[in-house]
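# Survey of secondary and tertiary structure
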Amino acid sequence: WYRGRWELRLAPPLSIIRLNDRARFAAIYIPLVTADAADILPPLAAAPTTTILLCYEGANDPTIWCHRRILAEWALTALDITINEWPYGRTGQLRM
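Structural notes, computed from the coordinates.

Conventions adopted
- Residues numbered from 1 in each chain as written.
- Predicted model: local features only at pLDDT ≥ 70, side-chain atom pairs only at ≥ 80, totals over all residues.
- Heavy atoms only, no water.
- Core = buried A, V, L, I, M, F, W, Y, C linked by side-chain atoms within 4.5 Å.
- Buried < 20%, exposed > 50% of the residue type's maximum accessible area, 1.4 Å probe, protein only.
- Helix = DSSP H or I, 4+ residues; strand = E, 2+ residues; numbered from the N terminus.
- Salt bridge = Lys/Arg side-chain N within 4 Å of Asp/Glu carboxyl O.

This part takes up the nonpolar core. In this structure, Leu 10, Tyr 29, Leu 41, Leu 71 and Trp 74 are the most contacted members of the largest nonpolar core, which totals 18 residues. Contributions of two or more residues to this core are made by helix H1 (22-45) and helix H2 (67-79). Ranked by residues supplied to this core, first place goes to H1 with 8 residues.

The subject of this paragraph is the pattern of salt bridges. Overall, the coordinates contain 3 salt bridges when judged by the stated rule. A salt bridge links Arg 9 to Glu 7; its shortest N-O distance comes to 2.7 Å. On the accessibility criterion, Arg 9 (41% relative accessible area) is partly exposed. Residue Glu 7 is classed as partly exposed on the basis of its relative accessible area, which comes to 21%. Where Arg 9 meets Asp 36, a salt bridge forms, and the shortest distance between an N and an O atom there is 3.9 Å. Within this pair, whereas Arg 9 is found in the segment before H1, its partner Asp 36 is found in helix H1, the two being separated by 27 residues in sequence.

This brings us to unusual backbone geometry. With phi around 60 degrees, Asp 80 is a residue other than glycine that occupies positive phi space. Note on placement: Asp 80 falls in the segment after H2.

This part covers the environment of Arg 5. Take Arg 5: it is sitting in the segment before H1. Distance in space between the C-alpha atoms of Arg 5 and Ile 52 is 9.8 Å, their sequence separation being 47 residues.

Here's what the structure looks like:
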């Protein structure tokens, strides 16, 4: 279980968490978090070995999406920050 710092300002609100339409979800989610994300992500990007975006959806199935990838796509476009996925099948621990 993850025991590091949580940044709940980037978490989607419960009111949209179960939307099955990625475009609709993104249209609601991104405007809600962009101001906070613009403040939060640059310092985190400066420490990429100690920063993760955590989500409970599987990253190995391209039909499954989550806020983590939507935020990563926005960060690349808006802030020129690349957020990589942990490679599927990789094992080991992250050192925090």
